[in-house]
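# Understanding the architecture of this molecule
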Amino acid sequence: MRKSFLASFFIFFFLTFAVMPTYASAAFRVTKVIDGDTIAADIRGKNETIRLLGIDTPETVDPRKTIQCFGQEASNKMKEFVSGKLVILVDDPTQGNRDKYGRLLRYVYLPDAKSTFINGEMVKQGYAFSFREYPTKMLDKFNSFEKYARDHNLGLWSSCPVNTQSPKRETTATSSTTYKPSIVNNSVAVSGEDKDCSDFATQASAQAYFVAKGGPKLDPDKLDADHDGKACESLR
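Here goes a summary of the coordinates provided. (Residues numbered from 1 in each chain as written. Predicted model: local features only at pLDDT ≥ 70, side-chain atom pairs only at ≥ 80, totals over all residues. Heavy atoms only, no water.)

## Here's the deal with the side chain of Asp-99
For clarity, the cut-off: In this text, helices come from DSSP runs of H or I with a minimum length of four residues, and strands from runs of E with a minimum of two, each type numbered from the N-terminal end. Throughout this description, a polar contact denotes any pair of N or O atoms lying within 3.5 Å of each other; where both atoms belong to protein, one of them has to be capable of donating a hydrogen while the other can accept it, and for residues adjacent in sequence the pair is counted only when both atoms sit in side chains. Between two residues, a contact is recorded if the distance between any of their heavy atoms is within 4.5 Å.
Topologically, Asp-99 is positioned in the loop between β5 (86–90) and β6 (104–109). Here Tyr-101 takes part through its backbone nitrogen, which lies 2.9 Å from a polar atom of the side chain of Asp-99. Not counting residues up to four positions away in its chain, the partners in contact with Asp-99 are Arg-51 and Leu-105.

## Considerations on the environment of Ser-198
Convention followed: Each residue's exposure class comes from its accessible area (1.4 Å probe, protein chains only) as a fraction of the maximum for that residue type: buried when under 20%, exposed when over 50%, partly exposed otherwise.
Within the fold, Ser-198 resides in the loop between α5 (156–159) and α6 (203–212). Overall, Ser-198 belongs to the exposed group, its relative accessible area being 65%. In this structure, the C-alpha to C-alpha distance between Ser-198 and Cys-232, residues 34 residues apart in sequence, is 8.8 Å.

## Observations regarding the environment of Trp-157
Tracing the backbone through its elements, the reader meets Trp-157 in helix α5. A residue is classified by how much of its surface remains accessible, and Trp-157, at 11% relative accessible area, is buried. The spacing of Trp-157 and Phe-70 is 87 residues in sequence and 9.5 Å in space, taken between C-alpha atoms.

This is the structure in structure tokens:
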């Protein structure tokens, strides 16, 4: 009787717990690729938007901005990686569960033999930047991936103007790179006339102009009021 009870208990334990998937190991179907750093997936019957942590790709869908250099290529690469496929989503306690837009913040992996790390591959292959505005626990790794892509002239590093890169980059203690102007029709318009923040539609475009005019060392237009290296921070 005792042996029968123990056998039944272990069978119940195995079926109930041993094969129960955890959130980190459960795989979810990608329903849509929104752009190079944002996807949607069916998570237990609910369609959720997921912002990939630690990376930033050129814009393609923001109505306030023009399509940026290599933006479409980044979107296409993300589609190649995950469109219609199962993915594993892993959070980062340092970043919270969702961003201010309600999107889930996740690292994305493929459930293949290599556990392909999509966030990392996008940066390493030159389709995305290491996103320093909101540093994750994997910032150093993303920085090294970016350096690899830059050193090997991969993706956007060989296709976009050297001085017109990510609109959301900033220097950190873990990075030797400097802020790069944003991509606005693949160029930065710099004229001799004086400008103020009201002349720009976004902070990114103001920052591009600011850097092109010699910022942060020089600020002839007085766009960086608090001298922190960011121009027109009141703009979004």
